[in-house]
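Inside the fold
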Amino acid sequence: METYKTSGTCSKEIIFDVVDHKIASLKFINGCHGNTQGVAKLALGRDIDEVISLLDGIVCRNGTSCPDQLARALKAYKAAHNV
């Protein structure tokens, strides 16, 4: 289980698990509940590179968004695990 502290968004943290390069579980802490639930459901089972490609750079406020923060979390995961 991985934890990523978000920055610049209503959500404060993203908790996720990656298995075989795919998102196996995903939960946003705080944030717009409906939107973060939707993003989480759409990302489940997808390859992390695909999710990064789809969500990287989406802006809501403060130059980022919850989807963008997920892309950043996955990039950090890849860097930390040499994936």
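Just so you know, the residues in each chain are numbered from 1, in the order the chain's sequence is written. Where local features are concerned, this predicted model is filtered to residues with pLDDT of at least 70; where side-chain atom pairs are given and counted, the filter is 80 or more; whole-chain, interface and lining totals use all residues. Working from all heavy atoms in the structure, the side-chain values ignore hydrogens and water.

Let's talk about the pairing of strand S2 (residues 11–19)
Two strands form a pair only when DSSP identifies at least two bridges running between them. Only DSSP runs of H or I with at least four residues qualify as helices, and only runs of E with at least two residues qualify as strands; both kinds are numbered from the N terminus onward. The sheet contact formed by strand S1 (residues 2–5) and S2 spans four bridges and is antiparallel. Pairing of Tyr 4 across the sheet is with Ile 14, part of S2. Sheet topology note: the S2/strand S3 (residues 22–30) ladder contains eight bridges and is antiparallel. Each bridged residue has a counterpart across the sheet, and for Ile 15 the counterpart in S3 is Lys 27. The hairpin turn running from S2 into S3, its antiparallel successor, is two residues long, and Asp 20 in that turn takes a positive phi close to 55°.

A few points about the environment of Lys 27
Structurally, Lys 27 is set in strand S3. Separated by 27 residues in sequence, Lys 27 and Leu 54 have C-alpha atoms that sit 18 Å apart. Pairs of residues are marked as contacts when any of their non-hydrogen atoms sit within 4.5 Å. If we skip the residues at most four places from it in the chain, Lys 27 touches Glu 13, Ile 14 and Ile 15.

Remarks on the nonpolar core
Only buried residues count toward a nonpolar core. Its members are Ala, Val, Leu, Ile, Met, Phe, Trp, Tyr and Cys residues joined through side-chain atoms within 4.5 Å. For every residue, the accessible area obtained with a 1.4 Å probe (protein chains only) is divided by the maximum for its type, and the residue is called buried under 20%, exposed over 50%, and partly exposed between those limits. If you look at the biggest cluster of nonpolar residues, it comprises 19 residues, and the most contacted ones within it are Phe 16, Ile 23, Leu 26, Phe 28, Val 51, Leu 70 and Leu 74. Mapped by element, the contributors of at least two residues to this core are S2, S3, helix H1 (33–43), helix H2 (48–55) and helix H3 (66–81). Ranked by the residues each element gives to this core, the list is headed by H3, at six residues. Residue contacts for Leu 74: discarding those within four places in its chain leaves Phe 16, Ile 23, Ile 48, Val 51 and Ile 52.

Side note on the environment of Ile 15
Along the polypeptide, Ile 15 turns up in strand S2. Considered as a pair, Ile 15 and Met 1 are 14 residues apart in the sequence and their alpha carbons are 6.9 Å apart. In this structure, Ile 15 is in contact with Met 1, Glu 2, Thr 3, Ser 25, Leu 26, Lys 27 and Ile 29, ignoring residues within four places of it in sequence.

Side note on the layout of surface pockets
For cavity detection a 1 Å grid was placed over the protein atoms alone, and a set of points counts as a cavity when a 1.4 Å probe fits there but cannot get out; an open set counts as a pocket when protein lies on both sides within 12 Å along at least five of seven lines, with lining residues being those that have an atom within 4 Å of a point. Grid points are joined across faces, edges and corners, and a volume is the space filled by probe spheres set on the points. The volume enclosed by the largest pocket comes to roughly 180 Å³. In terms of lining, the largest pocket is formed by Thr 9, Cys 10, Cys 32, Asn 35, Thr 36, Val 39, Cys 60, Arg 61, Ser 65, Cys 66 and Pro 67. Looking at the lining of the largest pocket, the elements with two or more residues in it are H1 and H3. Take the lining of the largest pocket: its biggest share by element is three residues, from H1. All residues other than Ala, Val, Leu, Ile, Met, Phe, Trp, Tyr, Cys, Pro, Asp, Glu, Lys and Arg, Gly among them, are scored as polar; the first ten of these are nonpolar and the last four charged. Here the lining of the largest pocket is composed, by residue class, of six nonpolar, four polar and one charged.

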